[in-house]
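# Observations on the model geometry
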Amino acid sequence: MAMIFIAIGVSTFSQPYGPTRNLIDMVDASVIGLLTLTLLVAVQRLPLRPLFRRMLPFALAASAVTCGWAALTQSGAPFVVLAAMATCAAAYSFGLPTACVVTAVGVVAVDVGGLAYRVDAWGLLGVPLLMILGLLFGRLLFGYRLQAEQSAALLANAEKIRMEQSRAATLDERNRIAGEIHDVLAHSLGSLSVQIQAARALLTDQCDVGRAVDLLTRAQRSAAEGLVETRRALQALRTDTPSLANALDGLGAEHQNQYLTPVTVAVTGRPRPLTPDAALALTRAVQESFVNAAKHAPLQPVVVRLDFTEGPTTLTVLNPLTDGRPTQPRLETANGGYGLAGMRERLRLIGGSLEAHTSEGNWVVTAQVPQ
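## Describing the packing of aromatic side chains
To describe a pair of aromatic rings, one takes the distance between the centres and the angle between the planes. If you walk through the whole model with that rule in mind, you get zero aromatic pairs. Here the guanidinium or amino end of arginine 145 rests over the ring plane of tyrosine 92, the centre of that ring lying 4.7 Å away.

## Description of the confidence of the model for the protein chain
Across the protein chain, the average pLDDT comes to 76, with 74% of residues at 70 or higher. Contacts of residues 13–21 to residues separated by more than four positions or lying in other chains number 17 contacts, the stretch itself having pLDDT below 50. Low pLDDT, under 50, characterises residues 324–338; the stretch is placed with 34 contacts to residues that sit more than four places away or in other chains.

## Notes on the side chain of threonine 87
With respect to the secondary-structure elements, threonine 87 resides in helix α4 (residues 79–93). Among the polar contacts listed, one links the side chain of threonine 87 to the backbone oxygen of alanine 84, at a separation of 2.8 Å. Setting aside anything within four residues of it in sequence, one finds threonine 87 in contact with Ala64, Thr103, Met131, Gly134 and Leu135.

## Regarding helix α10 (residues 340–349)
Taken as a whole, α10 has its buried residues at Leu340, Gly342, Met343, Arg346 and Leu347. Angularly, the buried residues of α10 cover 160° about the axis, an arc narrow enough to put them on a single face. Residues Ala341 and Leu349 are exposed on α10 and point more than 90 degrees away from its buried face. Positive backbone phi, approximately 85°, marks glycine 351, located one or two places after α10.

Criteria and thresholds
Residues numbered from 1 in each chain as written. Predicted model: local features only at pLDDT ≥ 70, side-chain atom pairs only at ≥ 80, totals over all residues. Heavy atoms only, no water. Phe/Tyr/Trp six-rings, centres within 6.5 Å; stacked < 30°, edge-to-face > 60°. Lys NZ or Arg CZ within 6 Å of the ring centre and 35° of its normal. pLDDT = per-residue confidence, 0-100. Contact = heavy atoms within 4.5 Å. Helix = DSSP H or I, 4+ residues; strand = E, 2+ residues; numbered from the N terminus. Polar contact = N/O pair within 3.5 Å; in protein donor to acceptor, adjacent residues only side chain to side chain. Buried < 20%, exposed > 50% of the residue type's maximum accessible area, 1.4 Å probe, protein only. Arc of directions from axis to C-beta.

Okay, structure coming up:
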């Protein structure tokens, strides 16, 4: 803008300016235009921006009037560019009413001066028209600026929302990991604590070394199983976990080798990927059912069936009850909360369900997760 101002001054004052009045008009327009330009820079850069901003509409109006008058003089036509720039700056920097007032003041002053000086049609119509075009161009630039500011605000809000969602997802993942590790350790350490207390009671109260050794052996086995389950939990929480069907095959083979119990795993329907929470909940339901079967129905065959239906995915674990008595198996630890009730709560959190009941001499556990 400063270069435009300098170019207009050089091109204007290098030509004959006619009567003395023309020179005075051009000098006035140049001085006021320079002051207005300085004020524009002050509004953008200096800390006293509110004070200068209140003065800026008056300076722009004065610049529009003086530059419009200078454009009416001999060799002063280039000043019409400064007059249009004044109305454009008013439209860009202020609201439409203020911009219209500045433009109207400049147009009326030019027409009054043109009639007084008896200028041609260019002065009466052309200069005001260019000032009005400057107003329209300034409003166009104002709209672009407003749109850019709104877009920047929307982007900032979207980035803030994305960060909040990422933070919430991280917290959810931490809570899920903490809950999973808590369940595994509560089960393993609680069972180990009960067995050690029982062994100590046998040694101190009954001096039964044989049964105490047997309990300590079981405690050692429970500690080893706890380590295995902890590793399995950490592996299940990773993103590259195996499919649920393969995980059930591995659990069935492990249970069969450890307890010498026949295990059958069957998958029906078309397998589909499940969410990590759903797959982990079904895996924990199978582990819980295996533990209950080993405790309450030893050496009895276990059947695991995974059904991928059109609706929810259903997991069924079935094993015969010893002596055909409908006893409900439970596995309680010193810390509590790691039995079928814990599995039911886990499934409820993801919109699933778990049922356990007797049916024709069998203990049946049915877990469902949404598709």
